[in-house]
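A structural walkthrough
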Number of protein chains: 4
Amino acid sequence: MPGTPPTRFVYLGPEGTFTEAALRTIPAAERGLRTPARSVPEALEAVRAGDADAALVPLENSVGGAIPVTLDELVTGSPLVITREVVIPVEFVLAARALTPLAGIRSIAAHPQASAQCRNWLLANVPDAVIVDVLSNAAAAISAAAGEHDAALCAPIGVPRNALTVLAEKVADHADAVTRFALLSRPGPIGEPTGDDVTSLAVSIRHDQVGALLAVLTELAVRGINLSRIESRPTGVQLGTYVFFLDCTGHAAEPGLGEALQGLRRICADVRFLGSYPRHRLTPEAPVASPRGLSSTDFTDSAAWLTRLRQGDLA
Amino acid sequence: MPGTPPTRFVYLGPEGTFTEAALRTIPAAERGLRTPARSVPEALEAVRAGDADAALVPLENSVGGAIPVTLDELVTGSPLVITREVVIPVEFVLAARALTPLAGIRSIAAHPQASAQCRNWLLANVPDAVIVDVLSNAAAAISAAAGEHDAALCAPIGVPRNALTVLAEKVADHADAVTRFALLSRPGPIGEPTGDDVTSLAVSIRHDQVGALLAVLTELAVRGINLSRIESRPTGVQLGTYVFFLDCTGHAAEPGLGEALQGLRRICADVRFLGSYPRHRLTPEAPVASPRGLSSTDFTDSAAWLTRLRQGDLA
Amino acid sequence: MPGTPPTRFVYLGPEGTFTEAALRTIPAAERGLRTPARSVPEALEAVRAGDADAALVPLENSVGGAIPVTLDELVTGSPLVITREVVIPVEFVLAARALTPLAGIRSIAAHPQASAQCRNWLLANVPDAVIVDVLSNAAAAISAAAGEHDAALCAPIGVPRNALTVLAEKVADHADAVTRFALLSRPGPIGEPTGDDVTSLAVSIRHDQVGALLAVLTELAVRGINLSRIESRPTGVQLGTYVFFLDCTGHAAEPGLGEALQGLRRICADVRFLGSYPRHRLTPEAPVASPRGLSSTDFTDSAAWLTRLRQGDLA
Amino acid sequence: MPGTPPTRFVYLGPEGTFTEAALRTIPAAERGLRTPARSVPEALEAVRAGDADAALVPLENSVGGAIPVTLDELVTGSPLVITREVVIPVEFVLAARALTPLAGIRSIAAHPQASAQCRNWLLANVPDAVIVDVLSNAAAAISAAAGEHDAALCAPIGVPRNALTVLAEKVADHADAVTRFALLSRPGPIGEPTGDDVTSLAVSIRHDQVGALLAVLTELAVRGINLSRIESRPTGVQLGTYVFFLDCTGHAAEPGLGEALQGLRRICADVRFLGSYPRHRLTPEAPVASPRGLSSTDFTDSAAWLTRLRQGDLA
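Residues numbered from 1 in each chain as written. Chains lettered and ligands numbered in written order. Predicted model: local features only at pLDDT ≥ 70, side-chain atom pairs only at ≥ 80, totals over all residues.

Considerations on the overall build of chain A
So the rule is basically this: Under the scheme used here, helices are H or I runs from DSSP no shorter than 4 residues and strands are E runs no shorter than 2 residues, and both carry numbers assigned from the N terminus. The burial label depends on the number of other C-beta atoms within 10 Å of a residue's C-beta. Counts of 20 or more mean buried, 12 or fewer mean exposed, and intermediate counts mean partly exposed, with C-beta atoms placed from the backbone. Two residues form a contact once the distance between their C-beta atoms, set from the backbone, is within 7 Å.
Looking only at helices and strands, chain A has 11 helices and 15 strands in total. Its C-alpha atoms give chain A principal-axis dimensions of about 85 × 40 × 40 Å. Here chain A holds 315 residues, and 50% of them are scored as buried. Long-range pairs, those at least 24 residues apart, make up 75% of the contacts in chain A with a sequence separation of at least 6.

See the structure below:
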């Protein structure tokens, strides 16, 4: 986390998508400069080149899964770290140029992933409408505004931007679907733990062996570190080599996670630190408690005990 | 694997994509009926409803990762099992209506995932061409054939189908990129092991705890079962519950994997068996050997020893 | 457990020690023939040779620890199995030919292990008496009866046998000290589980490595088997090779322990089954419950599930 | 290890046993004051009270196993630490007042443990001799010198001391039997690692559960620490609580073992440090190498990496 807060933001465009909506929930970005990028690699390149201070890109979607291009970009090129995560509900609306009865809708423009997420609603409510694939949620709204199709399945942010009218709200089949975005910056000293943090890692193991992954999880478990996500990806480089993307509970400045990081460093082919940052919770929820004996205080106490022991104080 | 071989095949369409190419590598499908489906859910529904005997759908791409919709469909609805996997190289070609020097190409139609996989080649060879996003590899070929764009980035299968000419072959940045497809059928008695098999599972654990995943891996490791893939997906149903998709080395008819399956059944919230089938290897390669003491013979021997022991024969 | 109950018993002599007292708690032995042996090897040899049906020998003492000669005899020679354990409180008395005030006692005959177990009592109550080492608890009683010493530290059983008078009861420093004896027979079909059984094993691992022992414990833990005792002994045969004596919770006829036994057989250099037998509890106490999902019923259910799965029934 | 080397030594007497022989292999003890104690507790009490600088007591015998009284004394009372181990071969000789043919020997005085260790030799060479139990190896030699018995089974050290003649050397059945002694002192700053050290611990776990012991071993395994010995003993205090005596490869001043000690401290009911000291090898042998990635250098490197990472240096 650099000393000066970022002011120049880049994000995965185009304008009017969920990524822009997510970016605007960050106060510094709402005040700062926001530039859309054509792709995730382009957004990250802008930060690496110093043309932007931070990039917001999608990391995973609770329905669609990880965004492979983001993961791949994080493990190649010069290091970037996540300094903040933003989780926003994925709400889709059905919108049109003017208020229209659903029965009159014959064609709906939609990004294929959007129509997949609303499939049951569409079958139940507009069974006779033709769904026309378009290339983004923003493109869907634009085509409805242009009258190319009767309606659009789009993000709420696309409605005012294209002067549309909402025909139906929250049409996604999974009411609690979310998308998680990462704000990426060039590395700096890690900040202070907040007590409810996530640490993201990309860990390479040598073989497609359950033993190697078991060893990775054991390094974490022994220090009481929980995983909130694990994702394997074959490295393009070499067959039989995997990269695991891990989201761990805790902060790299804490003793337990620090010890676990060292352990991974010793046994893995490669460990790439992707940042420690506060967990974004949509609803207030207590952080997962450390297992008995494995809190930061326990780590500090056991270190003090060892120091005394080494000096001959066994009381 | 049902008693009678499948004759009616459905696959993720449209025609002219990699999925159709993959299907045609299966002799029974080459002889049988092949029907494209509009989506993965539609393809699987055809098999569940008995309108088709088997469906071929993409499972994962070595560059783009897992296909979430396929994974999600496999864990919902009535059970289907993978009876065969097909792995094919993902080769992209640049094709046009007629032979043209690359320097003359101003616009290229491409599916965004295709252009992502060929990014470096495009930058190096057609730096000035505009890349126009389209909705599928087949659509790219069609639009080039229609003269809407100067060229298309498409699958080799799209070339003869649209009477195109290849301008450049193997333009993907990762020469060894592959896509893996699953042939899905209604469940039947599992077949015989071939000695080089994969067993796919979807395993639900109760909490986002490293301990629960560690327990799953330990059940496998203790029986000498390797993992060739692991993928976590949050279940839409409930936060903090994960489904892990595991590809294990071995066959459910073998004693070691059978014991491991029982172990998972006992400790997991849910275990869904997704099939045991021969591993498809693009290049001949020996299967991973069992760890010492953990071959099928060792399992059979230890079972015989226990039987003798229970009868009082301790020699 | 052979079909006909044993009638000819041999035990570690001499008469009048705790072993004889323990033997007489077994109804069949109280009715049958009881012959003292000069040593543990001699007792076991009598059973191996068919001269006796069963031998009772000490296995461990809660104060003095394991009886090495018993452990060593169990892992050499033709196999014998424990069919019953007997746990009796180790109570020491101070006895003399006639009732005498403690202040008048100048010399006490005692086996060194007995005086060690009563050290604090002796210091507090007969601080001026000289403790004279003798070779057994029985020898102590005999020498006091012969007037060689003023008193004896001995087992209660030695009092009537030598017409002594008790000067003080329960003089051991640890009020709840116990000795555990094993009744050994030639192997036969294992009996039925009682629901609160112990299974004893001698397991040889190849190297002095934490990893090998970890693997042994993992085989047990994965099947929900608890350890109530573990003891390592170097094998005389070869340096760096260890035998572990394990007392496991459960019975070899149960599916979970049966699976664990097979697992040990596969990974260990050698597994010697030393018997499954009811746990002897001095005070009524519930047996340790199986961990969730790891009861015998859970094992039976998961086996039935696997059978259905292999037949294609995935419901 | 106190600043000034010990000069006043106490050892388990009487004189003329293996313990005295072991003590005299230590140069400082050969030069210093050597006082026999009547028992292990008495020897340790002399050090605790400051009446002696160090006590040599037997720890384990490769044939007879652990010496329970020593283990028990180490975990009660004020802390003492092992600063040195001495391993000596257990050689027994058959000795008499004058050179006599074996055929003429009718009675042999022997400590029961000694005759047990020479059982096969005695059966083969003096089958007709009566073995008379006496209370120590020293007592056996004394009684032969006094003419009470024709010969004695004793330690070589007893021969010159009692002016005996050796009739047969190395009569023990296990040629490589050894006894291991511990030199105990009051705690002081731990010394420097030699590269081939042992660290002894007494670890209390809460329940008789395989899981708790598995956790202990995992803490060690994760840091690449080997076990050369494990011994469980029930604590007299409370049923179901065990103390494990562990001999670990390594030194408490090393980073890997230091981290493991902290880990044990966090998860165990109690950890008692019993000393880090050079391993005594009877024959030159290379120390066990650390597993890959787990040498002291690897620990130092990973700590430096974490420091850099926390400062934002991810290169």
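Concerning the environment of Thr 283 of chain B
Inspection of the secondary structure puts Thr 283 of chain B in the loop between strand 15 (270-278) and helix 11 (296-310). Linking Thr 283 of chain B and Pro 14 of chain B, residues 269 residues apart in sequence, is a C-alpha distance of 29 Å.

A few points about the UniProt feature "site: Essential for prephenate dehydratase activity" (unreviewed entry) in chain A
In plain terms, the rule: UniProt positions are given in the numbering used here, feature names are shortened, and annotations may be inferred rather than shown by experiment.
Here, the residues flagged by UniProt with the feature "site: Essential for prephenate dehydratase activity" (unreviewed entry) are Thr 179 of chain A. Note that Thr 179 of chain A resides in strand 11 (residues 178-185).

Topic: the domain arrangement of chain A
Residues and elements named next belong to chain A. For clarity, the threshold we go by: The start and end points of each domain follow an automatic or database-based domain assignment. Side-chain classes follow a simple rule in which Ala, Val, Leu, Ile, Met, Phe, Trp, Tyr, Cys and Pro form the nonpolar group, Asp, Glu, Lys and Arg form the charged group, and the remainder, Gly included, forms the polar group.
Here the domain parsing of chain A yields domain 1 (1-90 + 177-189) and domain 2 (93-168). The straight-line distance from the C-alpha centre of domain 1 to that of domain 2 is 27 Å. Contacts between domain 1 and domain 2 engage 10 residues on the former and 10 residues on the latter. When its residues are assigned to classes, the side of domain 1 that touches domain 2 shows 5 nonpolar, 3 polar and 2 charged.

What to know about the sheet that holds strand 6 (residues 93-96) of chain A
Residues and elements named next belong to chain A. This is how it is decided: Note: two strands are recorded as paired if DSSP finds a minimum of 2 bridges between them. Lines fitted to C-alpha atoms define the axes, with helix axes restricted to the stretch in contact, and inter-axis angles between N-to-C directions lie between 0 and 180 degrees.
Across the sheet, 5 strands lie side by side as 8-7-9-6-10; this open sheet has mixed pairing. In this open sheet, the two strands that pair with only one neighbour each are strand 8 (130-133) and strand 10 (165-168). The mean inter-strand angle of the sheet, taken between neighbouring strand axes irrespective of direction, is 35 degrees. Bridge analysis of strand 7 (residues 107-110) against strand 9 (residues 151-154) gives 2 bridges, and the strand direction is parallel. Counterpart to Ile 108 in the pairing with strand 9 is Ala 151. Packed on one face of the sheet, helix 7 (residues 137-145) meets strand 6, strand 7 and strand 9 and runs near 160 degrees to strand 9.

Section: the interface of chain D and chain A
Contacts between chain D and chain A engage 31 residues on the former and 31 residues on the latter. When residues of the side of chain D that touches chain A are traced back to their parent elements, those giving at least two are helix 9 (210-222), helix 10 (255-267) and helix 11 (296-310) of chain D. The greatest single-element share of the side of chain D that touches chain A, amounting to 8 residues, is contributed by helix 10 of chain D.

Some thoughts on the relation of the copies chain D and chain A
Filter applied, for reference: Copies are brought into register by a least-squares superposition over C-alpha atoms of residues with pLDDT of at least 70 in both.
For the match of chain D to chain A, the screw axis carries a shift of 0.0 Å, the RMSD comes to 0.1 Å, and the turn is 180 degrees. One copy is carried onto the other by what is essentially a two-fold rotation axis. By residue overlap, the copies meet face to face through one surface: 100% of the interface positions of chain D are interface positions in chain A.

A word on the nonpolar core
It is characteristic of soluble globular proteins that their nonpolar side chains tend to be buried jointly. Threshold: One nonpolar core equals one set of buried Ala, Val, Leu, Ile, Met, Phe, Trp, Tyr and Cys residues connected by C-beta atoms within 7 Å.
By size, the foremost hydrophobic cluster in this structure holds 394 residues, and its most contacted members are Ala 55 of chain B together with Ala 55 of chain C. Once residues lying within four places of it in the same chain are set aside, the contact partners of Ala 55 of chain B are Val 10, Tyr 11, Ala 43, Leu 44, Ala 46, Val 47 and Leu 184 of chain B.

Observations concerning the arrangement of the chains
A gap remains between chain A and chain C, which never touch, and the nearest two C-alpha atoms on either side lie 12 Å apart. Of all C-alpha pairs spanning chain B and chain D, none lies closer than 12 Å, and the two are not in contact.

Looking at the pairing of strand 12 (residues 197-205) of chain C
All names here are of chain C. Of all 9 residues in strand 12, 7 are buried; the element is thus mostly enclosed. Of the pairings in the sheet, the one linking strand 12 to strand 15 (residues 270-278) comprises 7 bridges and is antiparallel in character. Looking at strand 15, one finds that Asp 197 is bridged to Pro 278. Bridge count between strand 12 and strand 14 (residues 242-249): 8 bridges; the pairing is antiparallel. Pairing of Ser 200 across the sheet is with Asp 247, part of strand 14.

Describing helix 3 (residues 40-48) of chain B
All names here are of chain B. Applied cut-off: The arc in question is the one spanned by the directions pointing from the helix axis to the C-beta atoms.
All of the buried residues along helix 3 are Val 40, Ala 43, Leu 44, Ala 46 and Val 47. Summarising the axial view, the buried residues of helix 3 lie within an arc of 150 degrees, below the 170-degree limit, and thus occupy one face. Looking at the packing, one finds that the buried side of helix 3 touches strand 1 (8-12), strand 2 (33-37), strand 3 (54-61), helix 4 (68-74) and strand 11 (178-185). Phi turns positive one or two residues past the end of helix 3, at Gly 50, with a value near 85 degrees.

Describing the sheet that holds strand 8 (residues 130-133) of chain D
Residue and element names in this part refer to chain D. A sheet is described by the order of its strands in space; here 5 strands give the open sequence 8-7-9-6-10, paired in mixed fashion. Looking at which strands have only one partner, the edges of the open sheet turn out to be strand 8 and strand 10 (165-168). Strand-to-strand twist in this sheet, taken as the mean axis angle between neighbours without regard to direction, amounts to 35 degrees. With 3 bridges connecting them, strand 6 (residues 93-96) and strand 9 (residues 151-154) associate as antiparallel partners. The residue of strand 9 that forms the bridge with Val 93 is Cys 154.

Quick look at the confidence of the model for chain A
Rules: A residue's pLDDT is simply how confident the predictor is in it, with values from 0 to 100.
Summarising the model, chain A shows a mean pLDDT of 89, and 94% of its residues fall at 70 or more. Across the whole predicted complex the pTM is 0.87, and at the interface the ipTM reaches 0.86.

A look at the environment of Val 75 of chain C
All names here are of chain C. With respect to the helices and strands, Val 75 occurs in the loop between helix 4 (68-74) and strand 5 (81-89). By C-beta crowding, Val 75 is classed as partly exposed, having 17 other C-beta atoms within 10 Å. C-alpha of Val 75 to C-alpha of Ala 202: the two residues are 127 residues apart in sequence and 7.1 Å apart in space. For Val 75, the contacting residues outside a window of four places in its chain are Ala 202, Val 243 and Arg 272.

So, the environment of Phe 245 of chain A
Residues and elements named next belong to chain A. Within the secondary structure, Phe 245 is located in strand 14 (residues 242-249). You can call Phe 245 buried: it has 23 C-beta atoms within 10 Å. If sequence neighbours within four positions are ignored, Phe 245 has contacts with Leu 71, Ala 202 and Glu 231.

Thoughts on helix 11 (residues 296-310) of chain A
Residue and element names in this part refer to chain A. As a reminder, the rule being used: Helix span, expected: 1.5 Å multiplied by one less than the number of residues in the helix.
Taking 1.5 Å per residue, 15 residues should reach 21 Å; helix 11 reaches 21 Å between its end C-alpha atoms and fits that length. Taken together, the buried positions of helix 11 are Asp 298, Phe 299, Ser 302 and Leu 309. An end-on view of helix 11 places all buried positions within 100 degrees of arc, on one side of the element. Among the exposed residues of helix 11, those oriented more than 90 degrees off its buried face are Thr 297, Ala 304, Thr 307 and Arg 308. Among the residues trailing helix 11, Gly 312 stands out with phi positive, at a value near 95 degrees.

Here we look at unusual backbone geometry
For the bond running from Gly 13 of chain C to Pro 14 of chain C, omega is 0 degrees, close enough to zero to count as cis. Residue Lys 170 of chain A is not a glycine yet carries a positive backbone phi of 45 degrees. In this structure, Lys 170 of chain A sits in the loop between strand 10 and strand 11. Residue classification places Lys 170 of chain A among the exposed positions, given that 12 C-beta atoms sit within 10 Å.

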